[in-house]
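Chain by chain, the residues run as shown.
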Amino acid sequence: MIKTIIVDDEVWVCKLICNIVDWGSYGYEVVRQVYSGTEALEVIAAEKPDLVFTDIRMPGIDGLSLIREAGKINPGTKFVIISGYSDFEYAKTAIDLNVLGYLLKPVEPEDLSSLLMRLEDCLLYTSDAADE
């Protein structure tokens, strides 16, 4: 299973993302829902997730800063951005940070399912290589 964390300062967004698809059927396990960038850094250090879905705009540590800082804590963790903003600068920075995907809010089940299927082989290969 691909160990996954969802980060968004809006609790309802985390719950929605967790409930709009059957994560387990795609080989993912959502191990935590986290509501701030600061808390997310602590959870990433403790859980060492394979994948983190994070909002960009959050109070305190924003999603892009979270990605930068998490890379120092657990370089193997990969990221997907979830955002209500289709701003080109956010997308460009996300690409520079090697994020694996960028989903716009409101997240649609078809978009999330498609992304999970696309990322599964890549993440399982990365996770298996890290375990060796």
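Residues numbered from 1 in each chain as written. Predicted model: local features only at pLDDT ≥ 70, side-chain atom pairs only at ≥ 80, totals over all residues. Heavy atoms only, no water.

A. Molecular detail of the packing of aromatic side chains. Inspection of the entire model under this criterion finds two aromatic pairs. Members of the aromatic cluster, joined through ring pairs, are W23, Y28 and F53. (Phe/Tyr/Trp six-rings, centres within 6.5 Å; stacked < 30°, edge-to-face > 60°.)

B. Layout of the pairing of strand β4 (residues 78-83). Buried residues dominate β4, accounting for five of its six residues. The pairing of strand β3 (residues 51-55) with β4 spans five bridges and is classified as parallel. From the neighbouring strand, L51 faces β4, where its bridge partner is K78. Between β4 and its parallel partner strand β5 (residues 101-104), the chain crosses via helix α4 (residues 88-96), and the hand of that crossover is right-handed. (Buried < 20%, exposed > 50% of the residue type's maximum accessible area, 1.4 Å probe, protein only. Helix = DSSP H or I, 4+ residues; strand = E, 2+ residues; numbered from the N terminus. Pairing = 2+ DSSP bridges. Right-handed = clockwise from strand over helix to strand, strands pointing away.)

C. Region of interest: the nonpolar core. Membership of the largest hydrophobic core comes to 21 residues, with the highest contact counts inside it found for I17, W23, Y28, F53, L103, L112 and L116. Secondary-structure elements contributing two or more residues to this core are β1 (2-7), α1 (11-19), β3, β4 and α5 (109-131). For this core, the leading source of residues is α5, giving five residues. Among the nonpolar cores identified, the runner-up in size contains 19 residues, and V7, V34, V43 and I44 belong to it. (Core = buried A, V, L, I, M, F, W, Y, C linked by side-chain atoms within 4.5 Å.)

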